[in-house]
Every structure is written in C-alpha cells, then in structure tokens.
Amino acid sequence: MCIRDRNNIKYLALGSRNTKSILAYYVSEKHIVDTCSSKMEEELTSLTAEYETMKPSDTIIGNANSFIDSRGYLFFAITDRKYEERHCRTLLNSLRTEFYEKYPLAESGEVKFVDSSFVSDLALKMNDPSKFDKVAEANKKIGAIKEKIQTELKEVVLNQQQMNELDNKANELNVNAKGFEKTSKEFERMMYWRNCKLCLIIALIVIAILAYILVPIIIDQVRKSENSNQNQNTNTNRTVTQFLSLIHI
C-alpha cells in the first residue's frame, strides 16, 4: 500500500513513436524532469515493434512502466517502488483512454499538440490508489485501523507503565510513612523522658533553693526556742528557791 500524500507518481507522459517526441508530460519534482525525459526519449528511440502489454523496467528514481499501442503512441510512467504494478497498468490505460477521448483525431492521424493539463490532473487523481482501487482502499482502511489499534495499544502500555510507576511510588510513600511514624513515636518517647528528666532536675533545684533558704531560718528559730526555754527554767528555779527561803524563815 502506498503512503498517503507521497509522490507515488513521479513522471507520467505520452509520446509519439512516429515523431520521436514527447507530446505531454507531468513531473512531481522539477529536479527529476531531465532524468525522466531522457528515459522517455530513450524508450521512444529504442522502439522497434508494437507491444500492447506493459513493459516494466527499473530506474534510480523508481519503477518505469510503458506500452505502445497500434497507432504508435507511447504511454509512459515512472512511479514509486511501492506503487503496485496493477495500479500502474490502470494508470496507463486511463491515460490512453482520456487521450483518445480528448483527441479523437489521434485515432486516424498524428496529433501535433497535446495540452499537458489533463495528464497532470490524471496523475494527481491517481496518485493515491485508494481513490480508484477498492482493494487499495480496503488496505488503506485496514492500515488506518491497524495504526489506530497500535496507537491505542501503545497508550494502554504507557498507561500500564504509568500505573505501575504510581503503584511503586505509592508503596514507597507507604514505606516512608511507616518509617516516619516509627521515628515520630521514638522521638516522642525520647522527648517524654527528656521532659521528665528536666522536670526532675527543676524540682531538685527548687528543693535545694528552698532548703538553702529555710534551713537557716529553722535552725535560728530552734536556737531561739532553746534559749527561751533555758531562761524560763532559770527564772522558775529562782522563784522556787525564793519560795523555799521564805518558808524556812
């Protein structure tokens, strides 16, 4: 099957064996016109017999096919190598039919002038075989469906790969989340014990400060209390002694 929008028909021409001249031609690219025309002229000058069947040959540009009819007109085409031979046969037969329809005098005599526009129109019309060949059209549709299926399969594979990548990333995130949760718990436990130690240290410091302040006060109060008790005992003893003395008198 030929590639769409490809220049399948490189060169299409008709010529006269009697005058050894090219009557009309179409060329897809200007830079190949000299090569194609030389091949056409070679065909015209080398004709020694009439042949209605197509004569294939190969060129550096593509496949060359031609045939000459009983009236001495040569129908010649150079096509892409993917342009099937049966399509080329249809092309040359169509060129011959349209030529005689447009120039009916060619059947009985020599035509000196031919307008190349109908040759160009025919080449452009038959460049895509799917436009005139049912098999080529079916192949083209099959190719389009095949291409669509391949594209969809690629998308499915790509989506599957993306899903696998997402699953892998989700698993990685899950593992990281579990690791983070474990680390968080360990950090929380460590901070708890650190806070406990800090609270204990603060409590000890507070107790030490209170002891530093209160112990001297307590000791001083105890001493004052002991001194007060001693004074009281002394006074009591003195009073008792005086009382006993009075009684003795």
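Everything in this summary refers to the structure shown in the same document. Everything numeric in this text was worked out from a predicted model, so none of it was measured.

1. Re the overall build of the protein
Assigned secondary structure in the protein consists of 4 helices and 5 strands. Seen in sequence order, the protein has helices and strands lined up from the N terminus as β-β-α-β-β-β-α-α-α. Scored against the burial criterion, the 249 residues of the protein give a buried share of 28%. Restricting the contact set of the protein to residue pairs at least 6 apart, pairs at least 24 apart contribute 55%. In the structure as shown, the protein presents an accessible area of about 17700 Å², 58% of it carried by carbon and sulfur atoms.

2. A word on the packing of helix α2 (residues 85-102) against helix α3 (residues 117-125)
How two helices sit against one another is set out by the angle between their axes and by the gap between those axes. At their nearest, the axes of α2 and α3 sit 11 Å apart, and the two run at 150° to each other. Between α2 and α3, the interaxial angle falls into the category roughly antiparallel. Note that α2 runs across α3; the crossing there is right-handed. Side by side, α2 and α3 meet where L91, S94, L95, E98, F99 and K102 of the first sit next to F118, V119, L122 and K125 of the second. When grouped by side-chain class, the residues that make up the contact of α2 with α3 number 6 nonpolar, 1 polar and 3 charged.

3. Remarks on the pairing of strand β4 (residues 63-68)
The buried fraction of β4 amounts to 5 of the 6 residues, a majority that puts the element mostly inside the structure. Pairing of β4 with strand β5 (residues 73-79) involves 6 bridges; the strand directions are antiparallel. Pairing of F67 across the sheet is with F75, part of β5. From the end of β4 to the start of β5, which pair antiparallel, there are 4 residues, and G72 there has a positive phi angle of about 90°.

4. Remarks on α3
Those residues of α3 not exposed but buried are F118, V119, L122 and A123. Looking straight down α3, one finds its buried side chains confined to an arc of 135°; they lie on one side. Residues of α3 that are buried make contact with β1 (9-16), β2 (21-27) and α2.

Quick notes on the rules
Residues numbered from 1 in each chain as written. Predicted model: local features only at pLDDT ≥ 70, side-chain atom pairs only at ≥ 80, totals over all residues. Heavy atoms only, no water. Helix = DSSP H or I, 4+ residues; strand = E, 2+ residues; numbered from the N terminus. Buried < 20%, exposed > 50% of the residue type's maximum accessible area, 1.4 Å probe, protein only. Contact = heavy atoms within 4.5 Å. Areas by Shrake-Rupley, 256 points an atom, 1.4 Å probe, with all protein chains shown as cover. Axes fitted to C-alpha atoms, helices over the stretch in contact; angles between N-to-C directions. Parallel < 35°, antiparallel > 145°, perpendicular 65-115°, else oblique. Left-handed = near helix turned anticlockwise from the far one by under 90°. Nonpolar A, V, L, I, M, F, W, Y, C, P; charged D, E, K, R; others polar. Pairing = 2+ DSSP bridges. Arc of directions from axis to C-beta.

The analysis is restricted to geometry; functional conclusions fall outside its scope.
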